[in-house]
Amino acid sequence: SQTIHQWPATLVQPVGSPLSLECTVEGTSNPNLYWYRQAAGRGLQLLFYSVGIGQISSEVPQNLSASRPQDRQFILSSKKLLLSDSGFYLCAWRLTGERQPQHFGDGTRLSIL
Amino acid sequence: QKEVEQNSGPLSVPEGAIASLNCTYSDRGSQSFFWYRQYSGKSPELIMFIYSNGDKEDGRFTAQLNKASQYVSLLIRDSQPSDSATYLCAVFSSNTGKLIFGQGTTLQVKP
């Protein structure tokens, strides 16, 4: 069966520090991968998605970036975090196809001090 | 107009009642619809999907789809306090090839 791993679960970082969040999927090949951010009490904001290795699409301008170095690995990064980067970060995967559902990782709660 | 719209709530129902959660969408060509449940502080989990007009039942959950009205709903029978969560509606967009999520409806089931 397919599983998605996302770490760390929680992270506290100072303003201006770098960030690296990693997500890996097991049990499937060539998944579509997604990074979302969710502010407290708000909906999901799609940040990046990838349909293949090295293919990244950005949904909103920001100081974050994403990379997909391997088929089932998706990384979210920042060189210098801002206070506004605080939130709940979710990685998700789905297979290509209209009827394919999306599956989420457990998320990373990021607090910027 | 938002692509997927949900009433943010909170929707409050007594224990044992039927909770009705509604979602409208703008893309008339959409064919696939999903409901996710998100407990506070947790990630969303898939609970239902529906592709055809009509009702689809799974235990206490029933998803209803009306493509002509561009409306999808989720009914929860015999609501329990453990059903208290935010429910997200998601619609597959054939234009973008992605799931579009609504903002979610918060459900509170009172004991």
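See above for the structure.
Visitor: Is there a simple way to explain the overall build of chain A in this structure?
Guide: Within chain A, the regular secondary structure consists of zero helices and eleven strands. The C-alpha radius of gyration computed for chain A amounts to 13 Å, which stays within 12% of the reference 13 Å derived for 113 residues, consistent with globular compactness. A burial count over chain A gives 46% of its 113 residues as buried. Restricting the contact set of chain A to residue pairs at least 6 apart, pairs at least 24 apart contribute 55%. Here chain A has roughly 5500 Å² of accessible surface; of this, 51% comes from carbon and sulfur atoms.

Visitor: How do you make sense of the layout of surface pockets when you look at a structure like this?
Guide: A probe as big as a water molecule, rolled over the atoms, marks out the empty space that is left. For the largest pocket, the calculated volume is near 440 Å³. Forming the walls of the largest pocket are 22 residues, and the residues nearest its centre are Gln38, Gly41 and Arg42 of chain A together with Gln38 and Thr86 of chain B. Elements supplying a minimum of two residues to the lining of the largest pocket: strand S9 (87-94) of chain A together with strand S9 (85-93) of chain B. Top contributing element to the lining of the largest pocket by residue count: S9 of chain B, with three residues. Across the lining of the largest pocket, the residue classes tally to six nonpolar, 13 polar and three charged. Considering the residues around the second largest pocket, the lining is formed by 15 residues, among which Leu44 of chain A together with Glu3, Leu99, Ile100 and Phe101 of chain B are closest to the centre. Within the residue set of the lining of the second largest pocket, elements represented by two or more residues are strand S5 (44-52) of chain A together with strand S10 (98-101) of chain B.

Visitor: Could you clarify how one ought to interpret the pattern of salt bridges in this entry?
Guide: For side chains bearing opposite charge, pairing can occur when the charged atoms are close. Per the counting criterion, the structure on display carries six salt bridges over all chains. When the shortest N-O distance is used, the salt bridge between Lys98 of chain B and Glu59 of chain A registers 2.9 Å. With Lys98 of chain B in strand S10 and Glu59 of chain A in the loop between strand S6 (55-58) and strand S7 (64-70), this residue pair bridges two chains. On the basis of relative accessible area, Lys98 of chain B is assigned to the buried category, the value being 8%. Overall, Glu59 of chain A belongs to the partly exposed group, its relative accessible area being 35%. Measuring nitrogen to oxygen at the nearest pair gives 2.9 Å for the salt bridge that ties Asp83 of chain B to Arg60 of chain B.

Visitor: Got a minute to help me understand the side chain of Thr24 of chain A in this structure?
Guide: Within the secondary structure, Thr24 of chain A is located in strand S3 (residues 19-26). Setting aside residues no more than four positions away along its own chain, Thr24 of chain A makes contact with Thr3, Ile4, His5, Trp7, Arg72 and Gln73 of chain A.

Visitor: Help me out: how do you make sense of the interface of chain A and chain B in this one?
Guide: How large an interface is tends to be reported as the accessible area lost when its parts come together. Residue-level contacts link 21 residues of chain A with 18 residues of chain B. Interface of chain A and chain B: buried area, both sides summed, is about 1600 Å²; carbon and sulfur atoms make up 55% of it. Inspection of the region where chain A meets chain B yields seven residue pairs in polar contact (both at pLDDT 80 or more). The residue makeup of the side of chain A that touches chain B, split by class, is nine nonpolar, six polar and six charged.

Visitor: What exactly am I supposed to notice about the sheet that holds strand S8 (residues 73-78) of chain A here?
Guide: Residues and elements named next belong to chain A. Read across the sheet, four strands follow the order S1-S3-S8-S7 without closing on themselves; strand pairing throughout is antiparallel. If you trace the sheet from one side to the other, it starts and ends with strand S1 (3-7) and S7, each paired once. In this sheet, neighbouring strand axes are inclined to one another by 15 degrees on average, regardless of whether the strands run parallel or antiparallel. Sheet topology places S1 next to S3; five bridges connect them, and they run antiparallel. What sits directly across from His5, in S3, is Thr24.

Visitor: Got a minute to help me understand the environment of Ser67 of chain A in this structure?
Guide: All names here are of chain A. Tracing the backbone shows Ser67 in strand S7. The spatial distance from the C-alpha of Ser67 to the C-alpha of Ser77 is 8.1 Å, given a sequence separation of ten residues. With near-sequence residues (within four places) excluded, Ser67 lies in contact with Ile56, Gln73, Phe74 and Ile75.

About the criteria used
Residues numbered from 1 in each chain as written. Chains lettered and ligands numbered in written order. Predicted model: local features only at pLDDT ≥ 70, side-chain atom pairs only at ≥ 80, totals over all residues. Heavy atoms only, no water. Helix = DSSP H or I, 4+ residues; strand = E, 2+ residues; numbered from the N terminus. Rg over C-alpha atoms; globule rule 2.2 N^0.38 Å. Buried < 20%, exposed > 50% of the residue type's maximum accessible area, 1.4 Å probe, protein only. Contact = heavy atoms within 4.5 Å. Areas by Shrake-Rupley, 256 points an atom, 1.4 Å probe, with all protein chains shown as cover. 1 Å grid on protein atoms, 1.4 Å probe; cavity = no way out; pocket = protein on both sides within 12 Å on 5 of 7 lines; lining within 4 Å. Points joined across faces, edges and corners; volume = space filled by probe spheres on them. Nonpolar A, V, L, I, M, F, W, Y, C, P; charged D, E, K, R; others polar. Salt bridge = Lys/Arg side-chain N within 4 Å of Asp/Glu carboxyl O. Buried area = accessible area lost by both parts, 1.4 Å probe. Polar contact = N/O pair within 3.5 Å; in protein donor to acceptor, adjacent residues only side chain to side chain. Pairing = 2+ DSSP bridges. Axes fitted to C-alpha atoms, helices over the stretch in contact; angles between N-to-C directions.

Geometry only, nothing functional implied.
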